[in-house]
Amino acid sequence: QVHLVESGGGSVQAGGSLRLSCAASGDRYSRGCMGWFRQAPGKEREEVAAISRNGRTRYADSVKGRFGISQDSAKDTLYLQMTSLKPEDTAMYFCASAVDLGWGCPRNFGYWGQGTQVTVSS
């Protein structure tokens, strides 16, 4: 089993920065892939970024060049560094984990945190 707890959300002005954190515990095999998702009211949930066991990353086109996903050396904390924030980045952000079988991260993540709210104002 995996337990995920997000923190670091808040309210910022457009153009500002935030760093989200996700504390991960439990079976390491079940969190070889880690990812950030977001969902705004009335919109579909979307994958923001993901990182595999060997450090390979992928990003949504909407955040590429602005957001960075990373992990600490022990792989027990996941980060999302967000810069140049826009009002359209406003959403509930979720940390998630999945098994990494060696070729990369799946699109389907099995474990989820409770989420942390990010609000970007003009």
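Details of the structure are given in the entry above.
### Here's the deal with the overall build of the protein chain
Here is step 1 of the chain: Regarding its fold elements, the protein chain presents zero helices and 11 strands.
Here is step 2 of the chain: Listing the helices and strands of the protein chain from first to last along the sequence gives β-β-β-β-β-β-β-β-β-β-β.
Here is step 3 of the chain: If you line up the protein chain on its principal axes, its C-alpha atoms span 40 × 30 × 25 Å.
Here is step 4 of the chain: Burial statistics for the protein chain: of 122 residues in total, 42% are counted as buried.

### Topic: the environment of F37
Here is step 1 of the chain: In this fold, F37 is placed in strand β4 (residues 33-39).
Here is step 2 of the chain: With 35 residues separating them in the primary sequence, F37 and D72 have C-alpha atoms 19 Å apart.
Here is step 3 of the chain: Those residues in contact with F37 that lie beyond four places of it in its chain are R45, E46, E47, V48, M92, Y93, F94, A96, R107, F109 and W112.

### A word on the packing of aromatic side chains
The geometry of two aromatic rings is summed up by the distance between their centres and the angle between their planes.
Here is step 1 of the chain: For the coordinates displayed, the defined rule picks out two aromatic pairs.
Here is step 2 of the chain: Ring geometry for F37 versus F109: centroids 5.3 Å apart, planes at 75°, classification edge-to-face. Separated by 72 residues along the polypeptide, F37 in strand β4 and F109 in the loop between β9 (91-98) and β10 (111-112) bring together distant segments of the chain. The residues F37 and F109 share a single accessibility class, namely buried.
Here is step 3 of the chain: Looking at R45, its charged tip hangs above the ring of F37, at a distance of 5.7 Å from the centre.

Rules of the game
- Residues numbered from 1 in each chain as written.
- Predicted model: local features only at pLDDT ≥ 70, side-chain atom pairs only at ≥ 80, totals over all residues.
- Heavy atoms only, no water.
- Helix = DSSP H or I, 4+ residues; strand = E, 2+ residues; numbered from the N terminus.
- Buried < 20%, exposed > 50% of the residue type's maximum accessible area, 1.4 Å probe, protein only.
- Contact = heavy atoms within 4.5 Å.
- Phe/Tyr/Trp six-rings, centres within 6.5 Å; stacked < 30°, edge-to-face > 60°.
- Lys NZ or Arg CZ within 6 Å of the ring centre and 35° of its normal.

Don't take any of this as a statement about function, it's just geometry.
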